[in-house]
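Architecture at a glance
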Amino acid sequence: MRAIVTGQVGMDKRSYFDKVVNLAGNRGENVQLFNVGDMMYAEGRDIPKGRILDLPLSRLNTLRRSAFKDIIAQSKGQENIIVNTHATFRWRHGLFAAFDFDQIKELEIDTLIVLVDNIEVVYDRLHADHTIDATLKDLMVWREEEIMATELLAQALGLGNNFYVLSRGRHEETIETGFKLICRPQLRTVYPSFPMTHVVGMPDVLEEIDAFRAELAKHFITFDPGDVDEKLLLDQAIAAAKEGKDFIETEAHSFSGSASQVRVSVKQVLDIAGDIDGQIYARDFKLIDQSDIIVSLVPELPDGMPGLSSGVERELQHAFEHGKEVYVVWKPEIKQPSPFITETATKVFKTTDEALTYFEEQGMFAETNLFGH
């Protein structure tokens, strides 16, 4: 695949896609990564690190066009490339585009991907690398703008069906997802659906859910809603506000497994409560829309009842109404699924293993051996 990857400032897309490229190399694939920002800094050697967005727009545009001219020339004939760039910037100049359509067309790309991450982690990275006073609210707006601009660019290029929102998250499986999108695009795309908020504090159920997510990630391209989950941040801020605290500390995990503490203003988190809910709602539906199938796990809770949240029910209904294949793993034994589940599901299974066996028999992940699983 020849892909353009966008994402708001503070995403650190380069380190993520360095890992994707390294994984591809280990799997016998050659992927060329072009970091537009690095190429612009190389062209403008007088620009201090972290200050390129402070340049006049005329010079920014000149540097960007020079970088893209080199990418177009160097990527000729390359099967797999990743162009790491942005769709928009909202900086001291206001909101402005970060691409030129004529050069994007000349690149002859196949897909567009916008990378997203938990907003408090983006906030921490941004303020570590830049001197700008941006709030969490600002970053929520920037993320929406970046997604919309990238999707519009995909539609303008006739690639609306090859536009993806990809969550970076903290799990190594998201590197696998990035690799598969570039090098194994023929694989089925899957949205794993499962309860989240109301199973917090149930370690056995959470372990079962994590195993379910990991199994699907082995065999498919998965767009996992749990890779970005700011609802937990909001719950933490609400609890802190009741205790009269001004700040909370939350962990930012790296792919190496290490964790650092991110200090966030309680007021700023409460200010984006509506944005968090609205973006979760819109993003999860977008992840379903870009998937071929949805596979939902309904675990059995400690009291024997089904762990079926309103969010999971709404996801299943949305997928059904949009012509997706809908599969449900129903674990509770004392309560059977209602017609609202059975009448919208392509098939209902009793266990994850049963579902995986069915998928394999249907040839849905016949190429898994390519990944060494």
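Residues numbered from 1 in each chain as written. Predicted model: local features only at pLDDT ≥ 70, side-chain atom pairs only at ≥ 80, totals over all residues. Heavy atoms only, no water.

**Thoughts on the packing of aromatic side chains**
When we look at a pair of aromatic rings, we describe it by the centre distance and by the angle of the planes. Selection rule: Any two of the Phe, Tyr and Trp rings considered here, Trp counted by its six-membered ring, make a pair once their centres fall within 6.5 Å; the pair's planes then place it as stacked at under 30 degrees, edge-to-face at over 60, or tilted in between. Here the term buried applies to any residue with accessible area under 20% of the maximum for its type, exposed to any over 50%, and partly exposed to those in between, with areas from a 1.4 Å probe on protein chains only.
Here the structure, examined in full by the defined rule, presents 12 aromatic pairs. Ring plane angle 50° and centroid distance 5.4 Å describe the contact between F349 and Y358, whose orientation is recorded as tilted. Judged on exposure class, the residue F349 and its partner Y358 are both buried. Three or more aromatic residues link up through ring pairs in this structure, and these residues are F220, Y327, F349, Y358 and F359.

**Notes on the sheet that holds strand β3 (residues 81-84)**
Backbone-to-backbone hydrogen bonds pair the strands of a sheet. The strands run either parallel or antiparallel. Rules: Note: two strands are recorded as paired if DSSP finds a minimum of 2 bridges between them. Helix and strand assignments follow DSSP, with helices taken as H or I runs no shorter than four residues and strands as E runs no shorter than two, numbered in order from the N terminus. Axes here refer to lines fitted to C-alpha atoms; in helices the fit is confined to the stretch in contact. Angles between the N-to-C directions go from 0 to 180 degrees.
Spatial ordering of the open sheet is given by β2-β3-β1-β6-β7, a layout of 5 strands whose pairing is parallel. Edge positions in the sheet fall to β2 (32-35) and β7 (163-167), since each has one partner strand and no second. Shown here is a sheet whose adjacent strand axes are inclined to one another by a mean of 25°, direction ignored. Sheet topology note: the strand β1 (residues 2-6)/strand β6 (residues 111-116) ladder contains 4 bridges and is parallel. When the sheet's bridge partners are listed, T6 is paired in β6 with V114.

**Topic: the pairing of β6**
Burial runs high along β6: 6 of the 6 residues are buried. Residue alternation in β6 divides its side chains into two sets, T111, I113 and L115 and L112, V114 and V116, and both sets are buried. Across 5 bridges, β6 lies against β7 in parallel orientation. When the bridges of β7 are listed, V114 appears paired with V165.

**Some remarks on the pairing of strand β4 (residues 88-91)**
The pairing of β4 with strand β5 (residues 94-97) spans 4 bridges and is classified as antiparallel. By the bridge assignment for β5, W91 is matched with G94.

**Things to note about the pattern of salt bridges**
Let me state the cut-off plainly: The salt bridge definition used is simple: a Lys or Arg side-chain nitrogen within 4 Å of an Asp or Glu carboxyl oxygen.
Enumeration over the complete set of coordinates arrives at 22 salt bridges. Here E176 and R27 are joined by a salt bridge, their closest N and O atoms 3.1 Å apart. Here the residue E176 occupies a position in helix α7 (residues 173-183), and R27 occupies one in the loop between α1 (13-26) and β2, the gap between them amounting to 149 residues. Relative accessible area serves as the criterion here: at 11%, E176 is assigned to the buried category. Overall, the relative accessible area of 23% leaves R27 in the partly exposed class. For the salt bridge of D277 with K231, the shortest nitrogen-to-oxygen distance reads 2.6 Å. One end of the pair, D277, is in helix α11 (residues 273-289); the other, K231, is in helix α9 (residues 231-242), with 46 residues separating them in the sequence.

**Here we look at the environment of F365**
Keep this limit in mind: Note on contacts: a residue pair qualifies if any of its non-hydrogen atoms lie within 4.5 Å across the two residues.
As for its placement among the helices and strands, F365 is situated in the segment after α14 (352-361). With a relative accessible area of 6%, F365 lands in the buried category. Spatially, the C-alpha atoms of F365 and F220 are 6.7 Å apart, while their sequence positions differ by 145 residues. Those residues in contact with F365 that sit more than four places away from it in its chain are H219, F220, L356, F359 and E360.

**Looking at helix α6 (residues 136-156)**
Short version of the rule: Each helix should span, by expectation, one fewer than its residue count multiplied by 1.5 Å.
Spanning 21 residues, α6 covers 30 Å between terminal C-alpha atoms, matching the ideal 30 Å at 1.5 Å per step. Residues of α6 that are buried: L136, L139, M140, W142, R143, E145, E146, I147, A149, T150, L153 and A154. Downstream of α6 by a residue or two, G158 has a phi angle that is positive, lying close to 75°.

**Concerning the packing of α1 against α7**
Using the following cut-off: Each helix crossing is assigned a hand: it is left-handed if the near helix lies turned anticlockwise from the far helix by less than a right angle, otherwise right-handed if that turn is clockwise.
Between α1 and α7, the least distance of the axes is 9 Å, while the angle of their chain directions is 65°. Our pair here, α1 against α7, has a crossing hand that is right-handed. Each of Y16, K19, V20, L23 and A24 in α1 lies in contact with α7, whose residues at this interface are T174, I175, E176, G178, F179 and C183.

**What about unusual backbone geometry?**
Phi is mostly negative for residues that are not glycine, and the peptide bonds are mostly trans. A positive phi angle, close to 55°, is found at D12, a residue other than glycine. Checked against the element boundaries, D12 lands in the loop between β1 and α1. For E108, which is not glycine, the phi dihedral falls at a positive 55°. Mapped onto the elements of the fold, E108 is located in the loop between α4 (101-107) and β6. Its relative accessible area of 57% is what places E108 among the exposed residues.

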